[in-house]
Amino acid sequence: MSQEREGVGIQLPPPRDRVALAVAAYLPIFLLLATVIASVLLISGETVQVGRRGGPYTSVPKLAAQIGVLSVAVPLAGVVVARMVRGAYLLWATRQAEPPGFVVAPGEIIAWQGKQGLRGIDRIRLGVAVLTCIGPALYVWWLVHIWTGADPSVLKLFWSFFATLALGATVAPLMSKPGRTFVNDVFGDMVVTDRRIAWCSPRGNRYREISGAEIKGAALVEGDGRRAWIVLTHVRHAKVSELDLFGVPNPAEALEAIRRLVPPTEAIG
């Protein structure tokens, strides 16, 4: 059997990434249309100069120009809003289809439970998470700067469109599968029973699980009495791997609970 080191296997519901990205993609379009609608509604005077760039221009009544532009922009904005609402509903629906909350089977006993928190994240993932948050942080700062300024509402909408076009895509990783898993790993719970190891999200949904039959060994790598790094020897489909569990609280109790899953002849000292 080959042996390699890998992260803990993840079992998640069907990805929602494409739906989330589709919803996000409509936001700059909506902001652009909102800018056009607001600009047309706030036209001053009784007439509007209409024509090609550089002239010649023709004066037309303001109301006629407004009706002409709004008859196109408003339905388009309605379509965009409808698609965003539909996408939001699909996100909600797929979230409801997530694996059910952690349910103990008849006769199953919970031997240990705890939160790994930020210490459960390895340095590479933590570094990637910090870099990933730079873009969204700049995007939020830019929007706050725009809407707390003294510019007219039309300019605020336009600059919001520009900011969304430039940095809105940086928010997508936060809604992706790795992003959701990161949040779950930080704020969720690790549960060890007499049959398995499971991880539950803050909402109580089980998003990762390892069967006790697949665990062939467990050992303490380093740590203290409060938190430690535990490594599991995991076998699935004749493939041996080592799974790292970082930042495990009360490691002595956790290790003892995990070792109860391991056959005595295969336990690692």
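Residues numbered from 1 in each chain as written. Predicted model: local features only at pLDDT ≥ 70, side-chain atom pairs only at ≥ 80, totals over all residues. Heavy atoms only, no water.

### A few points about the side chain of T164
Selection rule: Helix and strand definitions follow DSSP, with helices as H or I runs of at least four residues and strands as E runs of at least two, each counted in order from the N terminus. Only protein chains enter the calculation, and the probe is 1.4 Å; a residue is then buried if its accessible area is under 20% of its type maximum, exposed if over 50%, and partly exposed in between. Note on contacts: a residue pair qualifies if any of its non-hydrogen atoms lie within 4.5 Å across the two residues.
Along the chain, T164 turns up in helix α4 (residues 153-167). Note on T164: relative accessible area 6%, which makes it buried. If we skip the residues at most four places from it in the chain, T164 touches L27, P28, L31, Y139 and A169.

### A short note on the pattern of salt bridges
Where we set the bar: Salt bridge, as used here: a side-chain nitrogen of Lys or Arg that lies within 4 Å of a carboxyl oxygen of Asp or Glu.
Scanning the model with the defined rule gives 8 salt bridges in all. The partner of D185 in a salt bridge is R125, with the nearest N and O atoms 3.0 Å apart. You can see D185 sitting in helix α6 (residues 177-187) and its partner R125 sitting in helix α3 (residues 123-147), a full 60 residues away along the chain. Classification of D185 by relative accessible area gives buried; the value is 10%. Owing to a relative accessible area of 29%, R125 belongs among the partly exposed residues under this scheme. Between R206 and E209 there is a salt bridge whose closest N-O contact spans 3.4 Å.

### Details of the sheet that holds strand β6 (residues 196-200)
Let me state the cut-off plainly: Note on pairing: DSSP must find at least two bridges between two strands before they are called paired. To get an axis, fit a line to the C-alpha atoms, keeping to the stretch in contact for a helix; angles then go from 0 to 180 degrees between the N-to-C directions.
Ordered by their spatial adjacency, 4 strands build an open sheet running β4-β5-β6-β7, and the pairing between neighbours is antiparallel. Strand pairing shows two members of the sheet lacking a second neighbour, β4 (110-114) and β7 (206-211), which therefore form its edges. Averaged over all pairs of adjacent strands, the angle between their axes in this sheet comes to 15°, without regard to strand direction. Two strands pair when backbone bridges link them, and β4 and strand β5 (residues 189-193) are joined in this way by 4 bridges, in the antiparallel orientation. Bridge assignment links I110 to a residue of β5, and that residue is T193. Contacts from helix α7 (residues 251-259) reach β4, β5 and β6 within the one sheet, and its direction differs from that of β4 by about 140°.

### Overview of the packing of aromatic side chains
Spelled out, the test is: Working definition: rings of Phe, Tyr and Trp (its six-membered ring) pair if their centres are within 6.5 Å, and the pair is stacked with planes under 30 degrees apart, edge-to-face with planes over 60 apart, and tilted otherwise.
Inspection of every chain in the model, using the stated rule, returns 5 aromatic pairs. Between the aromatic rings of F158 and F161, the centroid separation amounts to 6.3 Å while the plane-to-plane angle is 45°, which identifies the pairing as tilted. Pair noted here: F158 and F161 are both in helix α4, with a separation of 3 residues, about one helical turn. By relative accessible area, F158 is classed as partly exposed at 32%.

### Looking at the nonpolar core
Heads up, the condition is: Residues grouped as a nonpolar core are buried Ala, Val, Leu, Ile, Met, Phe, Trp, Tyr and Cys residues, joined through side-chain atoms within 4.5 Å.
Judged by nonpolar contacts, the single largest core of 20 residues is most densely connected at M190, V192, I197, I215, L232, L245 and I258. Here this core takes 4 residues from α7, the largest share from any one element. Dropping the residues within four chain positions of it, I258 is found in contact with M190, V192, I197, I215, A218, L232 and L245.

### Examining the pairing of β6
Of all the 5 residues making up β6, 5 are buried; the element is thus mostly covered by neighbouring parts of the structure. Where burial is concerned, the two faces of β6 agree: the one with R196, A198 and C200 and the one with I197 and W199 are both buried. Summarising the sheet, β5 and β6 pair through 4 bridges and their orientation is antiparallel. Across the sheet, residue D189 finds its bridge partner in β6, namely C200. Remark: 2 residues form the turn of the hairpin made by β5 and β6, two consecutive strands paired antiparallel. Sheet analysis places β6 next to β7, joined by 5 bridges and oriented antiparallel. Its bridge partner lying in β7, W199 is registered against R208. If you look at the hairpin formed by β6 and β7, you'll find 5 residues sitting between the two strands, and G204 has a positive phi there, around 95°.

### Examining the packing of α3 against α6
Defined as follows: Angular relationships are summarised with four words: roughly parallel below 35 degrees, roughly antiparallel beyond 145, roughly perpendicular across 65 to 115, and oblique for the angles in between. If you view the pair so one helix is near and one far, a crossing is left-handed when the near helix is turned anticlockwise from the far one by less than a right angle, and right-handed when it is turned clockwise. Gly counts as polar in this scheme, as do all residues outside two lists: the nonpolar Ala, Val, Leu, Ile, Met, Phe, Trp, Tyr, Cys and Pro, and the charged Asp, Glu, Lys and Arg.
Viewed as axis vectors pointing N to C, α3 and α6 meet at an angle of 120°, and their least axial separation amounts to 12 Å. With respect to α6, the axis of α3 lies oblique. The interaxial crossing formed by α3 with α6 has left-handed handedness. Where α3 abuts α6, its residues R125, L126 and A129 lie against T181, F182 and D185. Of the residues that constitute the contact of α3 with α6, the class distribution is 3 nonpolar, 1 polar and 2 charged.

### Description of the confidence of the model for the protein
Test applied: Per residue, pLDDT measures the predictor's confidence, with a range of 0 to 100.
The share of residues in the protein with pLDDT of 70 or more is 86%, and the mean pLDDT across the chain is 84. Looking at the elements of the protein, mean pLDDT is at its lowest for strand β1 (residues 3-6), recorded as 43, and at its highest for β5, recorded as 94. For the stretch residues 1-14, pLDDT sits under 50, and the model shows 40 contacts to residues farther than four places along the chain or on other chains.

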